[in-house]
Amino acid sequence: MRQLIAGNWKMNGLVRSLDEIRAVRERLLAEQPPVDVLLCPPATLIAKAVEAAQGALSIGAQDCHAEASGAFTGDVSAEMLKDAGAAVVIVGHSERRHFHNETSAQVAAKALAARRAGLLAVICIGETEVERDAGSALRTCTDQLRASVPDLATAANTAIAYEPVWAIGSGRTPTNAEIEEIHGHIRDCLARRFGADARAVRILYGGSVKPTNARTILSLDCVDGALVGGASLRAVDFLSIISAVPRH
Ligand code: PGA
């Protein structure tokens, strides 16, 4: 399937950062790589980012509230993100799970909100270093997957990002065999639960994807794209990851 290269700017980016999006757009228009490209800036920049992208790449958000509207000071709903021009929302990122104590049940509610609003939900799962060392990475990922993905997930409304917490921002990445094990397992779980509809759900890898390791990771058959944090902030790095997608 066509790979998805997604950038997550996290809490980075000011109006002047839109120049990076313009640079990405220009190169995509010039080179037309066979890849879907997404950038998720902070919510403050979504509307302007959509203007800067001019449809050459998609713009998404990093989180949403489960309710459509109401007395939730400081929160942003999936409907508001859609209204601002977002096409996608990341839910259940490990930084949300960790710093905001989000549970998988809350993540599932957010993924449902995304579907209600017509957004693709990129649902993140992944084990901590302690869990990996204890040999329970597969168990953690299975539990998070089961509880974070709502019923009726299809490729049109859901993508999964496997992001081992210990690989995020650390410069360390799992071995190819470790990625293959977890991605294969995610694929099996989705197939068991959703049948043929789930075959086209993209399974992204995230955690220290860089220009230097992107080719190796993106060449794995089980990897349908990447969720990129730090290396998505500068157009040159992000574009180099986009160019690392194998052309079949
Ligand atoms: P990183 O972040 O690429 O900076 O490791 C990935 C993520 O948190 O999505």
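The sections below set out a description of the structure shown in this document. (Residues numbered from 1 in each chain as written. Predicted model: local features only at pLDDT ≥ 70, side-chain atom pairs only at ≥ 80, totals over all residues. Heavy atoms only, no water.)

Points about the site of the ligand
Part 1 of the reasoning: Around the ligand sit 13 residues in total, of which Lys10, His93, Glu163, Gly169 and Ser208 are the nearest.
Part 2 of the reasoning: Glu163 has a polar side-chain atom sitting 2.7 Å from an oxygen atom of the ligand.
Part 3 of the reasoning: Ser208 is positioned with one of its backbone polar atoms (N or O) 2.8 Å from an oxygen atom of the ligand.
Part 4 of the reasoning: Burial of the ligand by the protein chains amounts to 97% of its free accessible area of 280 Å². (Near = heavy atom within 4 Å. Polar contact = N/O pair within 3.5 Å; in protein donor to acceptor, adjacent residues only side chain to side chain. Areas by Shrake-Rupley, 256 points an atom, 1.4 Å probe, with all protein chains shown as cover.)

Remarks on the pairing of strand β3 (residues 58-61)
Side chains on a regular strand alternate between the two faces of the sheet.
Part 1 of the reasoning: Here strand β2 (residues 36-40) pairs with β3 via two bridges, running parallel. Across the sheet, the residue bridging to Leu39 is Ile59, located in β3.
Part 2 of the reasoning: Considered for its hand, the β-α-β crossover made up of β2, helix α2 (residues 46-53) and β3 is right-handed.
Part 3 of the reasoning: Sheet analysis places β3 next to strand β4 (residues 88-91), joined by two bridges and oriented parallel. What sits directly across from Gly60, in β4, is Val88.
Part 4 of the reasoning: Once the chain exits β3 it traverses helix α3 (residues 78-83) before rejoining the sheet at β4, and the crossover so formed is right-handed. (Pairing = 2+ DSSP bridges. Helix = DSSP H or I, 4+ residues; strand = E, 2+ residues; numbered from the N terminus. Right-handed = clockwise from strand over helix to strand, strands pointing away.)

Topic: the nonpolar core
Part 1 of the reasoning: Counting 67 residues, the largest nonpolar core has Ile5, Ile21, Leu57, Ile160, Ile186 and Leu218 as its most contacted members.
Part 2 of the reasoning: Those residues within four positions of Ile186 in sequence are excluded, and the remaining contacts are Ile125, Leu145, Ile160, Tyr162 and Ile203. (Core = buried A, V, L, I, M, F, W, Y, C linked by side-chain atoms within 4.5 Å. Buried < 20%, exposed > 50% of the residue type's maximum accessible area, 1.4 Å probe, protein only. Contact = heavy atoms within 4.5 Å.)

Quick look at the layout of surface pockets
Over the atoms rolls a probe the size of a water molecule, and in doing so it shows where empty space is left.
Part 1 of the reasoning: In this model, the largest pocket occupies a volume close to 590 Å³.
Part 2 of the reasoning: In this structure, the largest pocket is lined by 21 residues; those nearest its centre are Lys10, Gln62, Asp63, Arg96 and His100.
Part 3 of the reasoning: The biggest single contributor to the lining of the largest pocket is helix α4 (residues 94-99), with three residues. (1 Å grid on protein atoms, 1.4 Å probe; cavity = no way out; pocket = protein on both sides within 12 Å on 5 of 7 lines; lining within 4 Å. Points joined across faces, edges and corners; volume = space filled by probe spheres on them.)

What about the pattern of salt bridges?
Part 1 of the reasoning: By the definition in use, this model includes 19 salt bridges.
Part 2 of the reasoning: The partner of Asp19 in a salt bridge is Arg22, with the nearest N and O atoms 2.7 Å apart. On the criterion of helical spacing, the pair formed by Asp19 and Arg22 is a turn pair, its members being three residues apart in helix α1 (residues 18-31).
Part 3 of the reasoning: A relative accessible area of 32% means that Arg22 is categorised as partly exposed.
Part 4 of the reasoning: Across the pair Arg146 and Asp143 runs a salt bridge, and its minimum N-O distance is 3.9 Å. (Salt bridge = Lys/Arg side-chain N within 4 Å of Asp/Glu carboxyl O.)

Side note on the packing of aromatic side chains
The way to describe two aromatic rings as a pair is by their centre distance and the angle between their planes.
Part 1 of the reasoning: Under the defined criterion, the tally for this structure stands at one aromatic pair.
Part 2 of the reasoning: Geometrically, the ring pair formed by Tyr162 and Tyr205 is edge-to-face, given 6.2 Å between the ring centres and 65° between the ring planes. With Tyr162 in strand β6 (residues 158-162) and Tyr205 in strand β7 (residues 203-206), this pair connects stretches of sequence that are 43 residues apart. In terms of burial, Tyr162 and Tyr205 fall into one category: buried. (Phe/Tyr/Trp six-rings, centres within 6.5 Å; stacked < 30°, edge-to-face > 60°.)

A few points about the environment of Asp83
Part 1 of the reasoning: Looking at the element boundaries, Asp83 is found in helix α3.
Part 2 of the reasoning: Judged by relative accessible area, which is 70%, Asp83 ranks as exposed.
Part 3 of the reasoning: The spacing of Asp83 and Ala47 is 36 residues in sequence and 8.8 Å in space, taken between C-alpha atoms.

Remarks on helix α7 (residues 137-148)
Part 1 of the reasoning: With twelve residues, α7 extends 16 Å between its outermost C-alpha atoms, agreeing within 8% with the 16 Å of an ideal straight helix rising 1.5 Å per residue.
Part 2 of the reasoning: Looking at the buried residues of α7, the elements they touch are α4, α5 (104-117), β5 (120-125), α6 (129-133), β6 and α8 (176-194). (Expected span 1.5 Å × (residues − 1).)

A few points about α8
Part 1 of the reasoning: In this model, α8 (19 residues) spans 26 Å end to end at C-alpha, consistent with the 27 Å of a helix rising 1.5 Å per residue.
Part 2 of the reasoning: Taken residue by residue, α8 has Ile179, Ile182, His183, Ile186, Cys189, Leu190 and Phe194 as its buried positions. The arc enclosing the buried residues of α8, seen along the axis, measures out at 120°, which places them on a common side. Facing away from the buried side of α8 by more than 90 degrees, the exposed set consists of Ala177 and Arg192.
Part 3 of the reasoning: Among the structural elements, β5, α6, α7, β6, β7 and α9 (214-218) are those in contact with the buried residues of α8.
Part 4 of the reasoning: Residue Gly195 follows α8 closely and has a positive phi angle near 65°. (Arc of directions from axis to C-beta.)

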